[in-house]
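Spelled out, the chains give:
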Amino acid sequence: MSEGDSMEEEFLPDKIESKWQQRWNEEEIFIADINSDKEKFYCLEMYPYPSGKMHMGHVRNYSIGDAVARYRRACGYNVIYPMGFDSFGMPAENAAIAEGGHPREITNRNIALIKEDFSIMGFSHDWGRELMSHDHNYFRWNQWFFLKFLEKGLAYRTFANVNWCDDCNTVLANEQVHNGRCWRCSREVEQKDMDQWFLRITNYAQELLDCLDDIDFPSHVKALQRDWLGRSEGALIKFPVDGDEGLVIETFTTRPDTIFGVTFVTLAPENPLCESLVAGHENESKWRELRKQATMLSDMDRGMLKEKKGVFLGRYAINPLNGEKIPIFAGNFVIASYGTGSVMAVPAHDQRDCEFAFEHDLPIRRVLIENEDDDLEAEIERAFEGYGTMVNSSREGFDGLFGDDAKRAVIDALENENSGNGMIQWKVRDWLISRQRYWGTPIPIIHCDECGLVPVPEEDLPVLLPDDVTFTGEGNPLESSPTFSDVSCPTCGNDAKRETDTMDTFVDSSWYFMRFTDANNDNECFSNDAADYWMNVDFYCGGIEHAQMHLVYARFWTKALRDLGLHKEDEPFKELLCQGMVNAQAPYCKPCNVTHPTLERGNPCPLCSGELDERSAKMSKSLGNTVSPISMVEQFGADTVRLFILFAAQPTAGMDWSDTAVEACNRQMRSIWNLARDMLSWGDDTSTVDSWLATQFQVRKTEWISAMEGVHLRAAVMLSHYEVYSDLIWYQRRGGQNGTLVRTLLLDWAQMLHPATPHIAEELWAAAGGDGLIAARALNFNDEEIGETNILARELFVHSFIDQARQMKELAERHIDGEATSVTIQCAEAWKGELVRTGIELLENDFPMKGAMGEIMSRPFAQDEEIRRLVPGAWKRIMKQLYRWSPAERSVLKANLDEIGILRDTADFIGTELGVMEVNIYLAGDGEDVGGKAKFAYPSEPGIAYL
RNA sequence: GCAGGGGUACCCGAGUGGUCAAAGGGGCUGGGUUUAGGUCCCAGUGCGUAGUGCUUCGCAGGUUCAAAUCCUGUUCCCUGCACCA
């Protein structure tokens, strides 16, 4: 083996880290190219919004991704691991309004700053593929896609009632409204009627739902997406209005089997039908009042309403299946925007309708029966909402049907008579992508008085953002720019106006992972070949906050581009990992249930003046409990911070920042360094524990690989950074000092250290004489077969013997009233070993243990008169243990170790460990029974007596 | 109300039938090393005990030779959806 570079005396991260980072850069080893000989692996983190500073969330995100990317490279995959910036969006524009300047300059400056922060962590990103949303070479493809969608009818403009945030000065998608408030600024959202651009995501609703079964997303993310898509299956039923030829109320229901129990129909107060129905009736003003109340309330507030208010609209509808006349109401609990904005009411089988019926004294008719002997005429207290057998049907052929059969029969009847049909209703609406803000992708449309909406011709793309704007915070800046707005119509040449809406920034993040596959392509969004080689993303890591919007939009966009023939994948992300939050302690008042800023630490609660507790809370500026990654790296080095991040919690769990734990990780790094340095200076003395170390290390490697394969990063780091270290310490304690052995081992160990802490790994690799850079090579483990397992069993026996003996010593010294100077170890007689092995054998062969005694007594070893007498007592004890032995312990026992030989070989070590001068070892019965301890001797548990 | 995830020792946290009095880390205690502090190494950290015992994994039951782990009920916490027809 070649002599390696010598190691510094001390672990000095600031000295080694930049050195290796520079080497990685110079040798361009993270630059990925298509290579059809190698299997590809696409590792990706959600690309960040470029604030000017890296925070712990970034560090955690990329420490996870980087470990995966480095491991996959080591496995011989062709890894693509790109990075870029989600750089459009309101923070930069708001900063421009607040401080002056231009969002572009602010964004570029922030990107430069955060990239500098990233660089000290040693992540293995391929910066050759860097992209930024606000780069026109990127967003021009947003515009191009938009035109393609327009051609295919996937994009459209319509006048709609939309969510408006007055602070952000823009409309919002439904998903961007949380509890009736803007997701960004928390201002209450208003409803406005505006012309807006939409994408027809509903076309893909079914596929988005179905494909969830085939992708490896966490179950709660799938649940969230299913909720959001909100599929319900049922029927559309038409109720003609009595006395008004042609006027029909359409209702959607999931329970057509209750059609004969309909006793009224309820419309949302905002339903346009209401006006014509109630016109001229005495309740007209009551309805107007109800509508006014309803429109003033957000959907959220309406959800809070307990009181079911309704107004009879003075007219009747006809049940299409039995011709019955039923009253029409407007009800404040019916949502205008869900389904048809009207409900067929079945008070006997829907609790909400039931309450409304009680309130307004409406008839209740039971048409499903729960139990055979139910009395159908009995008064009900609440609705029976489960499935039941149809009864009381006002037409032939329905009574007796149940569940799906019942539904099917009703739907068939409706379809035959042209009064309804089976139907699937979705909660998801089309994606509203218009935003009335500057810092986003301009929508490539021109408004011409003559020609209407005219798409910008493809050759005129990109539509750039103008510079002649001022950011006042009043209105859409694009409207104030004449160079932007005033254009001539591409079709007729007349004066026309450019569309001033820009696209939701979620458009940018909906396909960036595909652009990464061919990021520097000036002629296409990406080439088919590149996308087909690299897609889809094998491992995607990011925050749970994107479970709905980003992760649904990206799935939709991927499918839409597939249908444009741009690539072949159905799904963008194969496996998703949602990293947990990074928390830190903050003052907390339990009675008030309020977390306070760290400034209040030591003070009484500002609200109740009680004493403040501590509790862990998400790191945030407002609480002031953030920890700066940069200062941590300056203090301890990037490797320590990365080790802490991976070791403090599993990737998906929340983690608490702890200064003492970080310091402990730093100590561990130093320990590894010092041990490695010592190992390099060892001579070549062989010893009996060499084979143990070699075998044990093989086992560690195997365990580590399986942990890494499962992305159990915490378990993997525990093995690579702690267990291997402990093994080496034990080896040393046992007298191991074989330099040749440990230097070979060090080459493998460095490879295990590499994914989490790459800098120290490179350093150890080089010092041990490894060729080139670890980061650049496929895993090259010296993997001999795992040796004889008896080697491990022997050492396990020694270790556990010392643990037992140490415990006994403490007790013994209390008895002999002084320090013990000698220990006498009596190993169990051969027949006890036979007994144990017989027991294990019977157990493993599923022998009925109740009859074990008879079987044992028939064995040769039990034929001796004296032994025969002792067997039942010993068996009683062994029986108890039998089930409790671990496979490892069983293997020790089955190995039928020469306990006396092993202990005699180890006698010096035992003496030192136990702190006694004299160690006597013999078979129980062969020498004096010191202290009467022979009776405690069992296989792997010798009798121990101190003097 | 519905859905999903949780409650493990001083703290964090592993743990899906026997490998469990329960990994690992932090903290704390003791010992060694050191001029000292730090580092480093070793040990201890439910109770008991010259060894096979007792009690404990939110609470209460149950299944089993055996339960932190499986079942039932209950309580508390988190997350999402919510008058969705």
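Residues numbered from 1 in each chain as written. Chains lettered and ligands numbered in written order. Predicted model: local features only at pLDDT ≥ 70, side-chain atom pairs only at ≥ 80, totals over all residues. Heavy atoms only, no water.

A. Summary view of the packing of aromatic side chains. In total, this model carries 45 aromatic pairs according to the counting rule given. Between Phe85 and Phe118 the ring centres are 6.3 Å apart and the planes differ by 5°, which places this aromatic pair in the stacked class. Of this pair, Phe85 sits in the loop between β2 (78-80) and α3 (90-99) while Phe118 sits in helix α4 (residues 103-119); the two residues are 33 residues apart in sequence, bridging distant segments of the chain. The side chain of Lys192 reaches across the aromatic face of Trp164, ending 4.0 Å from its centre. Over the face of the ring belonging to Tyr938 we find Lys832, whose NZ or CZ atom lies 4.5 Å from the ring centre. (Phe/Tyr/Trp six-rings, centres within 6.5 Å; stacked < 30°, edge-to-face > 60°. Helix = DSSP H or I, 4+ residues; strand = E, 2+ residues; numbered from the N terminus. Lys NZ or Arg CZ within 6 Å of the ring centre and 35° of its normal.)

B. Spotlight on the protein's contact with RNA strand B. Taken together, 49 residues surround RNA strand B, and among them Thr253, Thr254, Lys308, Tyr725 and Tyr883 come closest. Close to the protein, within 4 Å, the atoms of RNA strand B belong to sugar or phosphate groups at a rate of 53%. Backbone polar atom of Phe333 to a sugar or linking oxygen of RNA strand B: 3.2 Å apart, as the coordinates give it. Between RNA strand B and Arg352, the relevant distance is 3.1 Å, taken from a sugar or linking oxygen to a side-chain nitrogen or oxygen of the residue. Broken down by secondary-structure element, the contributors of at least two residues to the surface near RNA strand B are α7 (219-229), β9 (248-253), α10 (299-304), α19 (659-680), α21 (713-733), α24 (789-816), α27 (865-882) and β34 (943-946). For the surface near RNA strand B, the per-class residue count stands at 23 nonpolar, 11 polar and 15 charged. (Near = heavy atom within 4 Å. Polar contact = N/O pair within 3.5 Å; in protein donor to acceptor, adjacent residues only side chain to side chain. Nonpolar A, V, L, I, M, F, W, Y, C, P; charged D, E, K, R; others polar.)

C. Spotlight on the side chain of Thr640. With respect to the secondary-structure elements, Thr640 resides in helix α18 (residues 638-647). In terms of polar contacts, Thr640 uses its side chain to reach the backbone carbonyl oxygen of Phe636, at 3.2 Å. Apart from residues lying up to four places away in sequence, Thr640 is in contact with Phe11, Val662, Cys665, Asn666 and Met669. (Contact = heavy atoms within 4.5 Å.)

D. Expanded view of the pattern of salt bridges. For the structure on display, the rule yields 52 salt bridges. Glu855 is the partner of Arg859 in a salt bridge, and the nearest nitrogen-oxygen pair spans 3.0 Å. Judged by its relative accessible area of 25%, Glu855 falls in the partly exposed class. Via salt bridges that share partners, Glu207, Arg555, Lys559, Arg562, Asp563, Asp570 and Glu571 belong to a single interconnected network. (Salt bridge = Lys/Arg side-chain N within 4 Å of Asp/Glu carboxyl O. Buried < 20%, exposed > 50% of the residue type's maximum accessible area, 1.4 Å probe, protein only.)

E. Structural context of the sheet that holds strand β20 (residues 452-455). What the 4 strands build is an open sheet, ordered β20-β19-β22-β21; its pairing is antiparallel. Each edge of the open sheet is held by one strand with a lone partner, namely β20 and β21 (486-488). Averaged over all adjacent pairs, the angle separating strand axes in this sheet is 40°, with direction ignored. For strand β19 (residues 445-448) and strand β22 (residues 495-498), the ladder comprises 2 bridges, and the chain directions are antiparallel. Considered in β22, the bridge of Ile446 is made with Arg498. (Pairing = 2+ DSSP bridges. Axes fitted to C-alpha atoms, helices over the stretch in contact; angles between N-to-C directions.)

F. Main features of α19. Over its 22 residues, α19 runs 32 Å from end to end, which matches the ideal 32 Å to within 8%, given 1.5 Å per residue. If you check which residues of α19 are buried, you get Val662, Cys665, Asn666, Gln668, Met669, Ile672, Trp673, Leu675, Ala676, Arg677 and Met679. Those residues of α19 that are buried lie in contact with α1 (13-26), α17 (629-636), α18, α21, α22 (739-753) and α23 (758-767). (Expected span 1.5 Å × (residues − 1).)

G. Inspection of the sheet that holds strand β8 (residues 231-240) at higher detail. One open sheet holds the 3 strands; their spatial order is β9-β8-β16, and the pairing between them is antiparallel. Each edge of the open sheet is held by one strand with a lone partner, namely β9 and β16 (420-426). The sheet shows a mean angle of 35° between the axes of neighbouring strands, taken without regard to direction. With 7 bridges connecting them, β8 and β16 associate as antiparallel partners. Across the sheet, Glu233 pairs through a bridge with Ile424, a residue of β16.

H. Molecular detail of empty space enclosed by the protein. Summed over all chains, the structure comprises 5 cavities of 30 Å³ or more. By volume, the largest cavity is sized at about 180 Å³. Elements supplying a minimum of two residues to the lining of the largest cavity: α3, β4 (170-172) and β23 (502-503). When grouped by side-chain class, the residues that make up the lining of the largest cavity number 5 nonpolar, 6 polar and 5 charged. If you go around the second largest cavity, the residues you meet are Ala67, Leu646, Trp704, Met708, Leu713, Ala716, Val717, Ser720, Met752, Pro755 and Ala756. At the level of elements, α20 (690-709) and α21 are the ones that each hand at least two residues to the lining of the second largest cavity. Here the lining of the second largest cavity gets 4 residues from one element, more than from any other, and that element is α21. Class assignment for the residues of the lining of the second largest cavity results in 10 nonpolar, 1 polar and no charged. (1 Å grid on protein atoms, 1.4 Å probe; cavity = no way out; pocket = protein on both sides within 12 Å on 5 of 7 lines; lining within 4 Å. Points joined across faces, edges and corners; volume = space filled by probe spheres on them.)

I. Just the packing of helix α2 (residues 56-74) against α18, in detail. Across the interface, α2 lies against α18 with an axial gap of 10 Å and an inter-helix angle of 90°. Comparing their axes, α18 and α2 come out roughly perpendicular. Residues Met56, Val59, Arg60, Ser63, Ile64, Asp66, Ala67 and Arg70 of α2 lie in contact with α18, whose contacting residues are Val641, Arg642, Ile645 and Leu646. Classifying every residue of the contact of α2 with α18 gives 7 nonpolar, 1 polar and 4 charged. (Parallel < 35°, antiparallel > 145°, perpendicular 65-115°, else oblique.)

J. The environment of Met679, seen in detail. Assignment of secondary structure puts Met679 in helix α19. Among the residues examined, Met679 registers a relative accessible area of 1% and is labelled buried. C-alpha separation for the pair Met679 and Ala768, spaced 89 residues apart in sequence, amounts to 9.7 Å. Apart from the residues within four sequence positions on either side, Met679 is in contact with Leu728, Gly739, Val742, Arg743 and Leu746.

K. Focus on the confidence of the model for chain A. For chain A, the mean per-residue pLDDT works out to 87, and 95% of the residues sit at or above 70. If you check the scores for this complex, the pTM reads 0.89 and the ipTM reads 0.87. (pLDDT = per-residue confidence, 0-100.)

L. Geometry of unusual backbone geometry. With an omega of 0°, the peptide bond between Leu461 and Pro462 qualifies as cis. Turning to its location among the elements, Pro462 is positioned in the loop between β20 and α13 (482-485). With an omega of 0°, the peptide bond between Met535 and Asn536 qualifies as cis. Inspection of the secondary structure puts Asn536 in the loop between α15 (528-534) and β24 (539-543). Backbone geometry at Asn169 places phi at a positive 60°, although glycine is not the residue there. Looking at the element boundaries, Asn169 is found in the loop between β3 (155-165) and β4. The class for Asn169 is buried, based on a relative accessible area of 16%. Although it is not a glycine, Asp361 adopts a positive phi angle of roughly 60°. Within the secondary structure layout, Asp361 lies in the loop between α11 (351-360) and β14 (368-369). Of the residues examined, Asp361 reaches a relative accessible area of 70% and is grouped as exposed.

M. Structural view of helix α25 (residues 830-844). Between the first and last C-alpha of α25 there are 21 Å, a value that for 15 residues agrees with the 21 Å anticipated at 1.5 Å per step. Where α25 is concerned, the buried positions are Trp831, Lys832, Gly833, Leu835, Val836, Thr838, Gly839, Ile840, Leu842 and Leu843. Downstream of α25 by a residue or two, Asp846 has a phi angle that is positive, lying close to 55°.

N. Examining the pairing of strand β13 (residues 342-345) more closely. By the alternation rule, side chains of β13 split into Ser342 and Met344 and Val343 and Ala345, which are all buried. Inspection of the sheet shows strand β10 (residues 264-267) paired to β13 by 4 bridges, in the antiparallel sense. Pairing of Phe264 across the sheet is with Ala345, part of β13.

O. Quick peek at the pairing of β24. For β24, a buried count of 5 out of 5 residues is recorded, marking the element as mostly surrounded by other parts of the structure. Of the pairings in the sheet, the one linking strand β1 (residues 40-45) to β24 comprises 3 bridges and is parallel in character. Following the sheet pairing, Cys43 is matched in β24 by Phe539. Inspection of the sheet shows β24 paired to strand β25 (residues 576-579) by 4 bridges, in the parallel sense. Looking at β25, one finds that Cys541 is bridged to Leu577. Since β24 and β25 lie parallel, the crossover through helix α16 (residues 549-563) that links them has a hand, and here it is right-handed. (Right-handed = clockwise from strand over helix to strand, strands pointing away.)

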